[in-house]
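# Examination of the molecular architecture
Letter by letter, the chains look like this.
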Amino acid sequence: MRQSRLLMRGSLAFAGLVVLAGSGCAHDTAVAARSGIATGRYAIRNADRNNGDQYAPEQLAAARSKLIEAELALDDGYLTSAIRLAEEATVEAQLVKAIAARDEARAQRAEAKKVKQDASELRTMTTEAAEERMQ
Amino acid sequence: MRDRLNQRTSGRWDAICLAAIATVVLVMGCKSLDPTSFELARAAVAAAKNDANVAQRDSLHMEDAERHLALAEKELDDNGKQRVLDHEAYMAATHAEVARVLGEASRDEAAASAYLRKARRDTAGTGRVIESAVLRARALEAEQTERGLELTLGGVLFEFDSAELKPEANLTLAKVAGFLIALEQRAVLVEGYTDDRGAEDYNIDLSKRRAESVRALLIENQVGADRIIADGLGPAFPVASNDTAVGRQKNRRVQIVILEPGLPAVGARR
């Protein structure tokens, strides 16, 4: 009888510990979800600021709606879903920013090539004109 | 009787349990994860790793790609959840794509600055061609040195032992002034030199006064005063031997240095 009471107390304590540990975990997960969403929001703002809307508007919109999904999942308590969605939204926004940087670099390259061609043409023309005048 | 009934019932339960376990095992065994997303992600990561442009930009996205790929592989090996596998595979593939796109960006940036470097070189070359054409048109002799374009004005500019310019110097300096005005971006250093006859202190002072006279006349000819610095160096830096009259004549001179664009006059003083 005494033994069984002891056992009961022991198991109650254990159950309490489990609950505590579980809630601690849930708390950590909620924090992770919130910080994941904050990271995603930052990445989207960053992509937007770097002309992502101009170079990859559809992909930026997709990242935005994924972040909203993450926020909804967090509100409904689906914490791991929220973390995954936020993670995906983040990397999608990073890709948008990278695409904007790549397309801008591409345009700059084309422009620089034109400038170079103009400069070399001008040099040739000037040299020829100077030589002609010297003769 | 009751025992036997119990036995029979428990025997039936055993059978049911066994069947249930067998079904679960069978279902789990059959329903292994679809590895398609993982295979695609692995190919994407490998392609990004082999991409020559990727190595030049940040490796952070490649690290993330590999980390997520490992997580996807673990999920696949553990026969975990399809949703988790697909998520990790998607993360790996997208990070690899970011790395690849950034690699392309840095390649194009490098190409753009290479073009601009060549353009600047050609523009500078054009500038030199124009300068020398103008110089020839104005009948001025100039030499390109590392400080810039150096014009040497011979000793006939001044009376003996005087800092006063001869009237003939006016025309020469007017030509120089026109040239300096055309090169309005560039600072100018006017340096006076003497031969080695006489006291050095006196010579330095004389060369300084002569340089100041040249500077004053250039300013009179509309060259900006803040562009020009005058300096007297006396017998230093001779361009010919002081043992002959011809050599000494060459050493008595004023040099006008038109500095390279962006070079301040103060920094180029000898």
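Values in this document were obtained by computation on a predicted structure and should not be read as measured data. (Residues numbered from 1 in each chain as written. Chains lettered and ligands numbered in written order. Predicted model: local features only at pLDDT ≥ 70, side-chain atom pairs only at ≥ 80, totals over all residues. Heavy atoms only, no water.)

### Regarding the pairing of strand β3 (residues 188–193) of chain B
All names here are of chain B. The element β3 is extensively covered by neighbouring structure, given that six of its six residues are classed as buried. Residues Val188, Val190 and Gly192 of β3 are buried on one face, and the alternating residues Leu189, Glu191 and Tyr193, pointing to the opposite face, are buried as well. The pairing of β3 with strand β4 (residues 228–232) spans five bridges and is classified as parallel. Bridge pairing in β4 links valine 190 to alanine 230. Traced from β3 through helix α6 (residues 200–220) to β4, the parallel crossover comes out right-handed. Direction of pairing for β3 relative to strand β5 (residues 253–259): antiparallel, over a ladder of six bridges. Bridging from a neighbouring strand, leucine 189 pairs with valine 257 of β5. (Buried < 20%, exposed > 50% of the residue type's maximum accessible area, 1.4 Å probe, protein only. Helix = DSSP H or I, 4+ residues; strand = E, 2+ residues; numbered from the N terminus. Pairing = 2+ DSSP bridges. Right-handed = clockwise from strand over helix to strand, strands pointing away.)

### Re unusual backbone geometry
Generally, phi is negative for residues other than glycine and the peptide bonds are trans, each holding for most cases. Residues and elements named next belong to chain B. Positive phi outside glycine occurs at asparagine 79, with the angle close to 50 degrees. Tracing the backbone through its elements, the reader meets asparagine 79 in the loop between α3 (60–77) and α4 (82–137). You can call asparagine 79 partly exposed: its relative accessible area is 33%. Not every positive phi belongs to a glycine, and glutamine 222 is a case in point at roughly 75 degrees. With respect to the secondary-structure elements, glutamine 222 resides in the loop between α6 and β4. On the basis of relative accessibility, which here comes to 65%, the residue glutamine 222 falls in the exposed class.

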